[in-house]
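# Fold and contact review
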Amino acid sequence: MRTVYAIHGGIHPPEEKHLSHPGKVLDAGLPSELILPLSQHIGAPAEPIVNVGDKVKAGQLLAESQGAVSAAVHAPTSGTVTAIGMRPVPHPSGLENTCICLVPDGADEWITTRGVEDYRAESPQTLIQHIRDAGISGLGGAGFPTATKLLARDRCAIDTLIINGTECEPYITADDTLMQVAAEQIVAGAEIIAHILGASIILYGVEDNKPDALKAMQAAVAAQGDVGDREVMSFPTKYPSGGEKQLIEILTGKQVPSGGLPADVGIVCQNPGTAVAVRDAIIDGKPLTERLVTLTGRALGKPCNYRVRLGTPISHLLALSAFTPGSKQRLIHGGPMMGFALETGAVPVIKTTNCVLAPTHEELPAPPPAQACIRCGLCAEACPASLLPQQLYWYAKAKDQEQLEKHNLFDCIECGACSWVCPSTIPLVQYYRAAKSTIVEARQDKQRAERSQARFEARQERVEREAREREAKRAARKLAAQKKAESADAEDPVQAAIARAKARKESVVKSEDVS
Amino acid sequence: MGFLKITSPHGHGPLSTGKVMQTVLLATLPGVIAMTWFFGPGTLLNILFGGIVALGLEYCVMAVRKRDPLFYLRDFSVLVTSTLLCIALPPYAPWWLIVVGVASAVLLGKHVFGGLGYNPFNPAMVGYVVLLISFPLQMSTWASPRGLADVPGMSDALTALFANSQYDAVTMATPLDLMRQNTGLLVEDLYRQKAQFGQFAGVGWEWVNIGFLAGGLWLLYRRIFTWHAPMAMLAAIGLCAAAGFDGGSSNSGGSALFHWLSGATMFGAFFIITDPVSSAVSNRGRIIFGALIGVLIYIIRVTGNYPDAVAFAVLILNFAAPLIDQYTQPATYGHDRRDE
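Residues numbered from 1 in each chain as written. Chains lettered and ligands numbered in written order. Predicted model: local features only at pLDDT ≥ 70, side-chain atom pairs only at ≥ 80, totals over all residues. Heavy atoms only, no water.

## Re the pairing of strand β2 (residues 34-37) of chain A
All names here are of chain A. Neither face of β2 is open: one carries Leu-34 and Leu-36, the other Ile-35 and Pro-37, and all of them are buried. Here β2 runs beside strand β8 (residues 96-104); their pairing, made up of four bridges, is antiparallel. Across the sheet, the residue bridging to Pro-37 is Cys-99, located in β8. (Buried < 20%, exposed > 50% of the residue type's maximum accessible area, 1.4 Å probe, protein only. Helix = DSSP H or I, 4+ residues; strand = E, 2+ residues; numbered from the N terminus. Pairing = 2+ DSSP bridges.)

The structure is reproduced here in structure tokens:
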């Protein structure tokens with residue numbers, strides 16, 4: 001039994017997990033059209049390799065990953081590619097992005113898939129390539145390509161794999177449900193990932209508000225027998241314990257250095273859904289084409305967890321769960337703390353869609369106008385990064401970039417705990433996001449300015465050098481002429497004039513010869 | 001269909017600034033009740049009259065500043081300012097004293113700096129010090145506590161407030177004055193000979209302080225503020241008093257218990273220095289802030305010439321708060337603690 005460490009700050013918003021009946025999964029079925037964005041992950045968008053009109057089978061590669069940080073896109077069912085173009089996608093900006101549209105034929109015919117027979121006999125590089133080919137990116141929220149994350153093994157010695165089953169956001173129960181229904185697959189996936197990383201320890205972190213998931217995970221880990229240092233750890237429910245850095249501190253007592261990665265302290269974190277996707281890719285050879293999505297909120301008649309094909313329009317899921325929009329209706333992609341509001345239900349489910357929240361206005365009322373900051377310090381008590389949010393707020397308003405950086409603005413994980421507790425309902429996180437992007441822009445501007453200054457100086461130097469060289473040449477010519485003149489002076493001027501005339505004559509004769 | 005676009009977080013906690021301020025107001029009750037019991041209804045009347053003046057002023061200022069006055073009145077902050085000032089004023093003060101005090105607190109203490117949240121000094125203490133310097137006589141006239149004299153009734157109080165006549169009931173030196181002026185008596189004898197001394201400190205004062213302590217502990221329990229500043233201040237006063245006790249000689253500054261339960265100690269510790277706007281922001285900073293206030297209170301009480309020292313000590317440390325903040329930034333997650 002390991003010690004559970006306490007983290008600074010945190011809040012206890014109403015959990016509302018019971019709404020979506022964790023542990024129960026419904027199938028979302030086939031919508032009339034699947035919309036597959038080429039960017040469902042962090043990094044470069046995938047490159048389509050199919051054309052409009054192509055017939056594809058389920059599991060077939062539609063778009064290849066591009067470069068080191070990218071993830072491929074596969075067909076979640078068989079059908080016809082009807083369009084490749086701009087569609088609304090789930091993104092805080094609300095902008096459109098390139099998607100592949102697929103109309104299912106209803107047959108759901110799969111390509112033949114083949115898994116790896118004994119992954120322990122394969123090299124980590126081969127297994128990572130399989131994971132890359134399966135288009136897996138983190139299913140927890142950020143969507144970092146999993147293969148790229150696992151390459152940390154080449155850079156750092158990894159001793160611990162953490163499976164993050166915290167799910168600390170209120171309302172969401174997708175991971176809770178997955179741990180209840182697919183504990184064996186999670187454990188199998190975790191073993192594969194640990195094998196790739198060369199990690200000897202696997203820690204499963206589960207908040208204590210999920211007793212059923214905890215039991216299921218403990219049973220699945222125990223069923224493996226003694227395969228090494230494995231532990232399912234339960235810890236008190238508190239938001240945001242599921243933040244990667246927070247969970248690492250809770251389970252190991254270590255802090256990830258500022259600006260660093262968990263790999264720097266020998267740790268890699270994965271979401272349970274990602275572990276299952278890795279298992280399916282390695283054992284069954286199946287790419288990532290579906291995930292669990294929590295549909296919840298009191299504007300839904302039948303909130304539940306659904307097994308959803310990627311690309312399924314959210315409107316399809318809303319119809320399944322009896323959505324009755326009210327006035328000032330909000331639709332949130334993700335949880336209430338860090339999720340972003342969607343403008344339309346036409347956007348599809350992507351690899352990072354863990355929850356679609358449709359609250360009533362009474363349930364999550366729009367914030368009242370902000371009042372004055374009285375520096376009460378509740379935000380500083382709630383901040384899991386031990387920042388001073390009230391100071392950051394004042395500096396952000398004053399656009400004091402030096403103080404913002406001195407107060408470690410960039411260690412803010414944007415969890416929203418400060419905004420949640422703020423008695424004056426100041427949208428603090430919004431100020432930090434804006435300040436961060438302003439500073440990043442300023443840094444880029446500075447880099448650009450430095451580059452152009454360097455270019456300018458190089459040009460200046462070249463121009464001066466050329467001028468110097470010209471000057472030197474001129475001086476040399478002058479010197480040569482002077483010398484010549486001096487040597488000519490030394491001779492008898494008459495003789496010299498004769499010689500010159502002779503030379504001229506000769507040159508004329510020569511030039512005539514040539515012509 | 002278009003959905004409402006709002007950035008995260010989408011939920012909000014139960015606490016609002018208005019509720020925080022109301023809780024603080026409520027927490028002054030035990031202390032105010034004790035004051036009313038021992039000194040009569042003067043303080044209560046001060047608070048009511050001061051509150052009306054403050055609300056009116058805030059309304060006018062907000063209207064002049066072209067903001068919605070009702071929106072700003074709803075945060076209750078101006079009532080907290082006026083209530084805290086009126087608790088600090090002597091009971092049976094004339095109406096103009098209260099008007100000048102409240103106006104100084106609200107206008108000079110707060111609005112000239114930009115309103116709530118922008119004031120570098122505790123507004124109530126600004127108002128108090130303006131009065132103390134301008135009207136020292138009125139400000140040092142304290143009624144005698146119940147048990148030593150008859151406590152005035154409501155009609156006396158109204159007369160004192162509005163009839164513009166100096167309230168001439170029995171007033172006497174407070175225990176803090178006696179302790180400071182004492183040159184010949186052992187502390188023991190002082191307690192025995194002077195009627196103003198009660199069980200632990202002054203008659204009445206000890207219970208007023210216990211009342212504010214109770215209200216303050218309740219605020220701590222409600223997590224309206226943290227323990228750092230008040231506890232540091234009380235600890236500092238206690239240490240200074242222990243150091244200056246001098247075995248209870250005629251030179252003694254008084255015991256720790258005497259200082260804890262005299263004057264505005266508990267009121268200052270839990271209601272004045274906990275004003276978040278003008279104090280240091282980090283927990284470590286608040287410990288330093290509170291401790292230095294405690295030290296200053298003791299020094300001014302023992303060597304100064306004013307009835308009490310809380311207001312000056314608080315204002316001086318308000319000056320220092322930004323400097324304290326500069327050196328007490330807490331270690332952020334992922335930063336080496338030795339760097340900080």
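## Comments concerning empty space enclosed by the protein
Residue and element names in this part refer to chain B. Here the structure, examined in full by the defined rule, presents nine cavities of 30 Å³ or more. What lines the largest cavity is a set of 23 residues, and nearest its centre among them are Met-21, Val-80, Thr-274, Asp-275 and Pro-276. Those elements giving two or more residues to the lining of the largest cavity turn out to be α1 (17-27), α5 (77-88), α7 (123-134) and α15 (265-272). Of the residues belonging to the lining of the largest cavity, the class tally is 17 nonpolar, five polar and one charged. (1 Å grid on protein atoms, 1.4 Å probe; cavity = no way out; pocket = protein on both sides within 12 Å on 5 of 7 lines; lining within 4 Å. Points joined across faces, edges and corners; volume = space filled by probe spheres on them. Nonpolar A, V, L, I, M, F, W, Y, C, P; charged D, E, K, R; others polar.)

## Notes on helix α7 (residues 244-252) of chain A
All names here are of chain A. Within α7, seven of the nine residues are buried, which leaves the element mostly enclosed by the surrounding structure. Residues of α7 that are buried: Gln-246, Leu-247, Ile-248, Glu-249, Ile-250, Leu-251 and Thr-252. On its buried face, α7 is in contact with β9 (160-165), β10 (201-207), β11 (229-235) and β12 (267-270). One or two steps after α7, the chain reaches Gly-253, where phi turns positive at roughly 80°. (Contact = heavy atoms within 4.5 Å.)

## Points about the interface of chain A and chain B
Contacts between the two partners involve 66 residues from chain A, matched on the other side by 41 residues from chain B. Where chain A abuts chain B, roughly 4,600 Å² becomes buried across the two surfaces, and 55% of that area is made up of carbon and sulfur atoms. For chain A, the biggest contributors to the area lost against chain B are A:Gln371, A:Ile374 and A:Trp420; these three give 14% of the whole. Here chain A and chain B share one salt bridge between them. Our count for the chain A to chain B interface comes out at 28 residue pairs in polar contact (both at pLDDT 80 or more). Elements with a minimum of two residues in the side of chain A that touches chain B: α7, β16 (340-341), α10 (378-382), α11 (389-398), α12 (401-406), α13 (417-421) and α14 (428-490) of chain A. (Buried area = accessible area lost by both parts, 1.4 Å probe. Salt bridge = Lys/Arg side-chain N within 4 Å of Asp/Glu carboxyl O. Polar contact = N/O pair within 3.5 Å; in protein donor to acceptor, adjacent residues only side chain to side chain.)

## Structural notes on the domain arrangement of chain A
Reports of interface size often rely on the accessible area that becomes lost once the parts have come together. Residue and element names in this part refer to chain A. For chain A, the domain assignment lists domain 1 (18-108 + 118-320) and domain 2 (372-515). Look at where the C-alpha atoms of domain 1 and domain 2 centre, and you get two points 45 Å apart. Tallying the contact residues gives five residues for domain 1 and four residues for domain 2. The contact between domain 1 and domain 2 buries some 450 Å² in all, and 52% of this surface belongs to carbon and sulfur atoms. Sorting the residues of domain 1 by area buried against domain 2 places Tyr-239, Pro-240 and Gln-246 first, and these three jointly supply 69% of that buried surface. In this assembly, domain 1 and domain 2 are joined by zero salt bridges. Our enumeration of links across domain 1 and domain 2 arrives at two residue pairs in polar contact (both at pLDDT 80 or more). A breakdown of the residues in the side of domain 1 that touches domain 2 according to their chemical character gives two nonpolar, three polar and no charged. (Domains from an automatic or database assignment.)

## As for the sheet that holds β9(A)
Residue and element names in this part refer to chain A. Within the open sheet, the four strands sit side by side as β11-β10-β9-β12. Their pairing is parallel. Edge positions in the sheet fall to β11 and β12, since each has one partner strand and no second. Taken over all neighbouring pairs, the strand axes of this sheet differ in orientation by 20° on average, direction set aside. One ladder, built from six bridges, connects β9 with β10; its direction is parallel. Opposite Asn-164, over in β10, you have Gly-205 as the bridge partner. Set on the sheet, helix α8 (residues 272-284) makes contact with β9 and β12; between it and β9 the angle comes to about 115°. (Axes fitted to C-alpha atoms, helices over the stretch in contact; angles between N-to-C directions.)

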